[in-house]
Amino acid sequence: MVSGLSQSVFGTEFQTPVLLASGTCGYGREYAGLIPLDELGGLVTKAVSVEPRTGNPPHRVAETPGGMINAIGLENVGLDAFIEEKLPWLRENLARAKVLVNVIGRTTDEYAAVVAGLDEEEGFLGYEINVSCPNVRGGTLFGTDEAALGELVARLRRESERPLIVKLTPNVPDIGVYARICEENGADGLSTINTFPGMLIDIRRRRPVIGNVSGGISGPAILPMGVYLTWRAARSCSIPVIGIGGIRSADDALQYILAGATLVQIGTSSFVDPAAAVTVQQGIAAFLESEGVEAVSELVGGLRTSDSAEGSAPAQG
Amino acid sequence: MVSGLSQSVFGTEFQTPVLLASGTCGYGREYAGLIPLDELGGLVTKAVSVEPRTGNPPHRVAETPGGMINAIGLENVGLDAFIEEKLPWLRENLARAKVLVNVIGRTTDEYAAVVAGLDEEEGFLGYEINVSCPNVRGGTLFGTDEAALGELVARLRRESERPLIVKLTPNVPDIGVYARICEENGADGLSTINTFPGMLIDIRRRRPVIGNVSGGISGPAILPMGVYLTWRAARSCSIPVIGIGGIRSADDALQYILAGATLVQIGTSSFVDPAAAVTVQQGIAAFLESEGVEAVSELVGGLRTSDSAEGSAPAQG
Amino acid sequence: MQADLEPRVGESPAPVRHRAPVVSNRRVAADTWWLELESPEIARRVAWGQFVMIGFGLEHLAPPFLPRPFSVGWRSPDGRIGLLVRRFGAGSAALAALRPGERALLLGPLGRPFRLEAARRVVCVAGGVGLAPFLILAGEARRQGLAVELLYGELSAERVFDPVLIEQLTDAPPQIWTEDGTLGRHGRVTDGLDASGPVTVLGCGPTAMLRALAGRAAREGFELQVSVEEHMGCGVGTCQGCVVRSADGRWLKACTEGPVFDASDLSWSPG
Amino acid sequence: MQADLEPRVGESPAPVRHRAPVVSNRRVAADTWWLELESPEIARRVAWGQFVMIGFGLEHLAPPFLPRPFSVGWRSPDGRIGLLVRRFGAGSAALAALRPGERALLLGPLGRPFRLEAARRVVCVAGGVGLAPFLILAGEARRQGLAVELLYGELSAERVFDPVLIEQLTDAPPQIWTEDGTLGRHGRVTDGLDASGPVTVLGCGPTAMLRALAGRAAREGFELQVSVEEHMGCGVGTCQGCVVRSADGRWLKACTEGPVFDASDLSWSPG
Ligand SMILES: Cc1cc2nc3c(=O)[nH]c(=O)nc-3n(C[C@H](O)[C@H](O)[C@H](O)COP(=O)(O)OP(=O)(O)OC[C@H]3O[C@@H](n4cnc5c(N)ncnc54)[C@H](O)[C@@H]3O)c2cc1C
Ligand SMILES: Cc1cc2nc3c(=O)[nH]c(=O)nc-3n(C[C@H](O)[C@H](O)[C@H](O)COP(=O)(O)OP(=O)(O)OC[C@H]3O[C@@H](n4cnc5c(N)ncnc54)[C@H](O)[C@@H]3O)c2cc1C
Ligand SMILES: Cc1cc2nc3c(=O)[nH]c(=O)nc-3n(C[C@H](O)[C@H](O)[C@H](O)COP(=O)(O)O)c2cc1C
Ligand SMILES: Cc1cc2nc3c(=O)[nH]c(=O)nc-3n(C[C@H](O)[C@H](O)[C@H](O)COP(=O)(O)O)c2cc1C
Ligand code: FES
Ligand code: FES
C-alpha cells in the first residue's frame, strides 16, 4: 500500500485508514482467500459477550431502500470460545492489519468481564465498545443514557490500558454530548455510527419482515447522517473518531475523513461487493495522487466552512 | 375516489389518507393544473412563521444515496402575507382536500402568535406544529427538549380549538416519550417524522455541498426509520398519527398504516414524480380491493407481532 | 466511481468474485427465466447444490441492492453457468430483465453440496424453481452412472420449465406434477415419492413441501437431504443473517453450514 | 410497483408530466450527448430558454434520483425535443447512457424564456453546454427574421458540438472560441462580444462567464439576460431549493422566476 495512506493513531500505525466494520466481517477468517485482509487497515470483530448468545429468529436481514435492516441479535460464540477458536486465527494470519474486538454486555460488569478476560491475550490492538445495547437496569441503551455511558467508560478504562474506542448510537439529539462523556471518562476514540432503528412490514402478511420486529438500518441510505454525526462528534471532543455508515467508495470515505474521521469502516458494502474495502482504499490513494496530497492525515477534519453556520442545531425544512 | 379510502379523524373526513407534506407542495397553487390536488386527502403548507423568513444561502438541496438533503432555512412569506396571498387560493380552490398549516417559531410566543393570528381565518382545517426548530432559549430543538415541548403544546392548545398536530423530530432515543408529552398537553395528533440531520461534502472543494453546512435527509432512504418511529409513536399514545418519510408507493404507505398511521404524507417523492401522491392513493384502493378489505381504516395499526419482541429497545447488530 | 478491479482472490475453497457477462436470458415459462452467465472459474468448481450470490455491485441502489442467492442449475465445459430465475419481487424482476452483454457481480461457488453415495438410488423432489440444483445434479450424476429420479412439481402447466430442455440437461425425462392437473400428473409432487428401499431423497422447494418430506422421512425412515432458503446478507458466513433452526435448538447458517442439510438435523416445527 | 398512469394534467400554463421514449442519443463531442425524446406536448409549448426536469421515476434510486433540469435545445414539428447533455457527475452520466426505446420521466416546459424585441440585434454568448437554449432560440428567431449572432466557447476542440449540426439547427454558422485555441478563435468567448449599438445580449454558461458578462453590461450599459443554474428539487416553485441572490438581497427562484433573469436584477458578488 502507498505510504501516504498510513495513519498513526491509538499508539500504532494503521497501514491504511480502511477497516471492516463489526458484524460484517465475522472473525476475519470467513473472508480469508477472498480478499487480501492483511492489506487493509484492519477489521473489527463481531461483538463478543461474556457468555455465548444465540441471537434472534429469522428473518434477520432484508433489503431496504438503498440499504438493509438487520437484527442478528448479537449472536456470538462468547468470550471463551472467542479466545480459543477465533483469536488464534487472527493472531496467526494478520501481520499488518489491526484488529479491534467489538464488546457488548447487558451490564457494566458484563462489559468489564469481556475486557478483563481478553486483556492479557495477544492478537488484537484494542476494544470497540458497542453501547447500542439495552442496559438491563433501566432498559434504555447504554449509548443513549448519559449516566450509564459515563460509568461504563470509566469502568472499562480501569480494566485496560489498550485503546478503548466507544461506538456511538446515532439516534440522539446531540451526539457531541455523548462524545464528550466518552472523552472525559477516558476513552481513546469514538466510532460513529452504529445503525438506525428501523422496521420493514410485509403488507400482505401484515407482519414485520424481521423476526425481531425491528432492526438496525445500515448502508448507503445512512451515509449523510453518518458524515454529519462524525463531524459533530469530531468537533465536540479531541479524541480520534472512526467514521462509519454507508461507505461504498473512496469519495464516501473521504467525506468522513474531511468531516474529521481518522479511520473509516466499511460494513454493508462488503455484502454487496466483498472487494469494497479494497476498492475504497485504492481509490483514496488515487485521490491523494490526483490532488497532490502527500498523506491522508492532511485531510482529516479538512472541511472548510464559514464559521457562522457551524454551531447551531439545524432547523428542518 | 373509492369510499373505502376515506378516514374520519380530527373531527372531519379525509377523502383519502394521502396528503402532501410540508415544504414539498408550496402553498398548493404551485401544483394547480399539474395534479388533481382536490382529489387528494389534503396538503400541509410550507412552514409559516410570524415574520417572513429569508432562508439559507444555496445550495439548498442536493441528492444523497436514495434520498436528498435540504436546508431551505424555513424561508416563508410570514403570517400576514400567508393570510393575504396564500390562504385565499387554498380556500377558493380546494373544496374536498383538507389543509393543515405548518407552523414554526423561535419561541413559544412566536408559535402562539401564528396560531392566534390564523385561528379566525377560513380555508384550513388545523395546524401541524413543526418542532424541529431551534429554541432561542437553550439552542436545542423544541422537539428534543421535553420541557420546552410540553410547554409549547400546552400553550398552543389554549390558543385554538382546531386540530393541533405536532410533527416530531426523529433523532431522539425514544420517540414514545415525546408522543406522550404531546398527548398529555392536549395535542390532537402527531406527524412522524421530520427529516434526519445529515451532511454532504464536496471532496474536491473540501466544502459542504449545502450552503447551511448541514441539512435534513428525506426520501426513500428514511422509509424504514419512519415506519419504526411511527409504530413506536402510535403504540405510546392514543392520539392519531400521520406517517411520513420516504413513501413512494402504495406498499410504502400501507407499511405506515399497518404500523399505526391514520393518514400519510408524501414529500420528496413529489419532486421525483409529481404524480406520486395520486399513484399512491390509487394503489391503496387497488390493494383494498385485491385483499378484500372494505375500508383502509381497518388496516390502521393492523400489524401482527408476537408480544415478546415488542417492548424492548432494539440492540444493534 | 467503482473501479472495475478484480481483487486478488485466494486459493480454493475461497469463492471467487467477478463481474460476469450475461450470455443469454430467456423466458422459459410464466414468470421464469433461464439466465446464462460467463463464469469459467465458478463453472469449473461448482458442485451440485451450491449457489452463487448475484447482484449488480455498489453503484446499484434499487433491488437487488443486496445480492441474492441462486442455485447453480447448470455449467458448461466452456465456462458458462445457468440460473433458473423466477420473478418474485423486485430483485428477481431485475435479474429477469438482464440482457446479453450486461454484467452481474457474482460470488461463488458457495455452500455445501448434496452428498451422494454411489450404492443408493437417488430421488430428487423439486418444487417450483427448487428444480434448479437438480438439473445440474441429475445431469452430472447420471453421466457418472448413478440412478437418479427427478420429480418436479409446479402449481400449473404455464409455470413448468420445458420438459424437453430438462431432459436435455439431465439425460432423462422428469416426472412432472401440477397441482391443478394442467400438465403431467395431478397433485402434489410429494405424492409421487416412492421412498422404499435404500434411497437418498433430496428435496428443494417451498418450506411447506420440505416439511412434508421431512415428516415422511421421519415416519418412513429414509435418508433426506434438503436445500433450504433464508434471506442472506453475505453468503459467506460473516453476517449470521441466514439462520435456520437445528433439531437441537441452535441456529445454523444456511450459507456455510447449508444450504443443504440432513433433514433430521433441522427443526421442522412451523414459525 | 409504480403504475404507468398519466395523471390528469391541467391546462396551459401548467407543465405536463409524462414518460417520454428516447428516440436517439448520440455522442456528439467529448463527454457530450445529443438526446432526443418524443414529447409532443412539450415540443408544442416550449419557448426558447425554458427547461425540463428529466429523471427516471420513483423506482430508480441511483443518480439521478432527483430529476435534473436541462434546457430544451431543439423541438421538431413532429413532437421531438433535443437536449444537449454533458457528462458531469453520476446523474448526467446516466442520461448519457440512455438508449433508444428507454423512457425518461419529463416535466415541462418550465421557467421563464428569454424575451426578445424585434427591433434589436441579439447576441447569444454560450459557454459549454450553455449552448443548448441558443440552438432553439437562434434557429427559431432567425426564421422569424430576427438578427441573431451566436458566440460559442469551449475549453478545447474535442468538446465542441459539431459546427455543421449547429448551423443546421440554427440556420447560420456560429462563431466558435476555444480557450486553448484548438478550434475557432483562441480565447474566451466573452472576448468576442461586440455589444455596441442597440443590442440584447443573452448569456448561458458557467457562473464565472456570466459574471464577466454582467460586469461588462454594467460598465458598457447594454441589456443582458442570463440563464442561471442552481440545484433544483421540484422545478415548479414548491421547494424553494433553487434560489439565487437578487440585486436587492432577496432570494429568487431559478425555476419559476428564472432561469432567465435580467442580469441587473441579480447580485454578482461571488460566494
Ligand atoms: C440457497 C438459495 C438458492 C436459491 N435459488 C434460487 C433459484 O435457483 N431460483 C430462484 O428463482 N430463486 C432462488 N432463491 C431465492 C432467491 O434468492 C430470492 O429470494 C427470490 O428470487 C426472491 O427475491 P426478490 O428479490 O425477487 O424478492 P424481494 O421482493 O426482494 O423480496 C421478496 C422476498 O424475497 C426474499 N428476500 C429478500 N431479500 C433477500 C435476501 N437478501 N436473501 C434472500 N432472500 C431475500 C424474501 O423472501 C422476501 O420476502 C434461492 C435462495 C436461496 C437461499
Ligand atoms: C435551468 C438549467 C438548465 C440546464 N441545462 C443543462 C443543459 O442543457 N445541459 C447540461 O449538460 N446541463 C444542464 N444543466 C445542468 C444539469 O442540470 C446538471 O446539474 C448537470 O448535468 C450535473 O448533474 P449530475 O447529475 O451529472 O451531477 P451530480 O454528480 O449529481 O452532481 C454534481 C453537481 O451537479 C449539480 N446537481 C446535483 N443535484 C442537482 C439538482 N437536483 N439540480 C441541479 N443540479 C444538481 C451540482 O452542481 C452538483 O454539485 C442545467 C441546469 C439548470 C439549472
Ligand atoms: C449484519 C450486521 C451486523 C452487525 N453487527 C454489529 C455488531 O455486532 N456490533 C456493532 O458494533 N455493530 C454491528 N453492526 C453495525 C456495523 O458495524 C456498522 O456500524 C453499520 O452497519 C453502519 O455501517 P455500514 O452502513 O457501512 O454498514 C452490524 C451491521 C450489520 C449490517
Ligand atoms: C425541501 C423540503 C422542505 C421541507 N420543509 C418543511 C417545512 O417547512 N416544515 C416541516 O415541518 N417539514 C418540512 N420538510 C419535511 C417534510 O415535510 C417531510 O417530513 C420529510 O421530507 C420526510 O418525508 P419524505 O421522505 O416523504 O420527503 C421539508 C422537506 C423537504 C424535502
Ligand atoms: S448470509 Fe451472511 S452468514 Fe449466511
Ligand atoms: S426547484 Fe423547487 S422551488 Fe425551484
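The sections below set out a description of the structure shown in this document.

Definitions and cut-offs
- Residues numbered from 1 in each chain as written.
- Chains lettered and ligands numbered in written order.
- Predicted model: local features only at pLDDT ≥ 70, side-chain atom pairs only at ≥ 80, totals over all residues.
- Heavy atoms only, no water.
- Helix = DSSP H or I, 4+ residues; strand = E, 2+ residues; numbered from the N terminus.
- Rg over C-alpha atoms; globule rule 2.2 N^0.38 Å.
- Buried < 20%, exposed > 50% of the residue type's maximum accessible area, 1.4 Å probe, protein only.
- Contact = heavy atoms within 4.5 Å.
- Areas by Shrake-Rupley, 256 points an atom, 1.4 Å probe, with all protein chains shown as cover.
- Lys, Arg positive; Asp, Glu negative; His and termini not counted.
- Charge placed at Lys NZ, Arg CZ, Asp CG, Glu CD.
- Polar contact = N/O pair within 3.5 Å; in protein donor to acceptor, adjacent residues only side chain to side chain.
- Axes fitted to C-alpha atoms, helices over the stretch in contact; angles between N-to-C directions.
- Parallel < 35°, antiparallel > 145°, perpendicular 65-115°, else oblique.
- Left-handed = near helix turned anticlockwise from the far one by under 90°.
- Nonpolar A, V, L, I, M, F, W, Y, C, P; charged D, E, K, R; others polar.
- Least-squares fit on C-alpha atoms with pLDDT ≥ 70 in both.
- Salt bridge = Lys/Arg side-chain N within 4 Å of Asp/Glu carboxyl O.
- Near = heavy atom within 4 Å.
- Pairing = 2+ DSSP bridges.
- Buried area = accessible area lost by both parts, 1.4 Å probe.

Scanning chain A from N- to C-terminus turns up 8 helices and 16 strands. Taken against the 2.2 N^0.38 rule, which gives 20 Å for 317 residues, the C-alpha radius of gyration of chain A at 19 Å falls within 12% of a compact globule. Taken over the C-alpha atoms alone, chain A extends approximately 50 × 50 × 40 Å along its principal axes. Within chain A, the proportion of its 317 residues that are buried is 70%. Long-range pairs, those at least 24 residues apart, make up 70% of the contacts in chain A with a sequence separation of at least 6. Accessible surface computed for chain A: about 9400 Å², of which carbon and sulfur atoms make up 43%. Side-chain charges of chain A comprise 24 positive and 37 negative groups, with the mean position of each set lying 8 Å from the other.

Here the focus is helix H4 (residues 175–184) of chain A. Residue and element names in this part refer to chain A. Those residues of H4 not exposed but buried are Ile-175, Gly-176, Tyr-178, Ala-179, Ile-181 and Cys-182. Between the side-chain oxygen at the start of H4 and the backbone nitrogen of Gly-176 there is a gap of 2.9 Å, and the oxygen is on Asp-174. Gly-186 lies just past H4 and shows a positive phi near 105°.

Residue and element names in this part refer to chain B. The geometry of helix H4 (residues 175–184) relative to helix H5 (residues 223–236) is characterised by a closest axis approach of 8 Å and an angle of 45° between their N-to-C directions. By the angle between their axes, H4 is oblique relative to H5. Handedness of the H4/H5 crossing: right-handed. Of H5, the residues touching H4 (which contributes Ile-175, Gly-176, Ala-179 and Arg-180) are Leu-229, Arg-232, Ala-233 and Ser-236. Residues of the contact of H4 with H5, tallied by class, amount to 4 nonpolar, 2 polar and 2 charged.

Residue and element names in this part refer to chain B. Within the fold, Gln-15 resides in the loop between strand E2 (12–14) and strand E3 (18–20). Looking at Gln-15, its side chain comes within polar contact range of the main-chain oxygen of Asp-38, at 2.6 Å. Side-chain polar atoms of Gln-15 contact the backbone oxygen of Leu-40, separated by 2.8 Å. Setting aside chain neighbours within four positions, we find Gln-15 in contact with Leu-5, Ser-6, Asp-38, Glu-39, Leu-40, Gly-41, Arg-96 and Ala-97.

Each of the two chain copies goes to the other by way of a rotation about an axis and a shift along it. The transformation that overlays chain B on chain A combines an axial shift of 0.0 Å with a rotation of 180°, and the residual RMSD is 0.0 Å. In symmetry terms, the pair is related by a two-fold rotation axis. Looking at the interface residues of chain B, 100% of them are also at the interface in chain A, so both copies use one shared face.

Take the pattern of salt bridges next. Scanning the entire structure with this criterion turns up 56 salt bridges over all chains. Note that Arg80(D) is salt-bridged to Asp78(D), the shortest N-O span being 3.2 Å. We classify Asp78(D) as exposed; its relative accessible area is 53%. Connected through salt bridges with shared partners, the residues Arg99(C), Glu102(C), Arg99(D) and Glu102(D) form a single ionic network.

Close contacts around ligand 3 come from 24 residues, with Ser22(A), Lys167(A), Gly219(A), Gly246(A) and Thr268(A) the closest. Ligand 3 is flanked by residues contributed from chains A and B. The contact in question runs from an oxygen atom of ligand 3 to an N or O atom on the side chain of Lys46(A), over 3.1 Å. In the model, an oxygen atom of ligand 3 is placed 3.4 Å from a nitrogen or oxygen of the Ala47(A) main chain. Relative to its unbound accessible surface of 610 Å², ligand 3 loses 100% to contact with the protein. Residue composition of the shell around ligand 3, by class: 7 nonpolar, 15 polar and 2 charged.

Turning our eyes to something else, we now look at unusual backbone geometry. All names here are of chain C. That bond from Gly-108 to Pro-109 is cis: its omega, -5°, falls within 30 degrees of zero. Considering the arrangement of structural elements, one finds Pro-109 in strand E7 (residues 103–110). Of the consecutive residues Gly-258 and Pro-259, the connecting peptide bond is found in the cis state with omega at 10°. Here Pro-259 is to be found in the loop between strand E15 (251–253) and strand E16 (260–262). Despite not being glycine, Asp-31 shows a phi value in the positive range, around 60°.

Next up on the list: the sheet that holds strand E7 (residues 98–103) of chain A. All names here are of chain A. Spatially, E3-E4-E7-E8-E9-E10-E15-E16 is the arrangement adopted by the 8 strands of the closed barrel, whose pairing is parallel. Neighbour to neighbour, the strand axes of the sheet diverge by 25° on average, direction disregarded. The sheet contact formed by strand E9 (residues 164–167) and strand E10 (residues 189–192) spans 3 bridges and is parallel. In the sheet register, Lys-167 faces E10, and the bridge partner there is Ser-191. Each of strand E8 (126–130) and E9 is contacted by helix H3 (residues 146–159), which is oriented at about 160° to E9, the strand it contacts most. Packed on one face of the sheet, helix H5 (residues 223–236) meets E10, strand E15 (241–244) and strand E16 (261–266) and runs near 170° to E15.

Moving on, we get to the interface of chain B and chain A. Between chain B and chain A, the residue contacts involve 64 residues of the former and 64 residues of the latter. For the chain B and chain A pair, buried surface summed over both sides reaches about 5900 Å², with 64% attributable to carbon and sulfur atoms. Scanning the region where chain B abuts chain A turns up 0 salt bridges. Elements with a minimum of two residues in the side of chain B that touches chain A: strand E11 (196–199), strand E13 (207–208), strand E14 (214–218), H5, helix H6 (250–259) and helix H8 (276–291) of chain B.

Remember that the coordinates give geometry; whether it matters functionally is a separate question.
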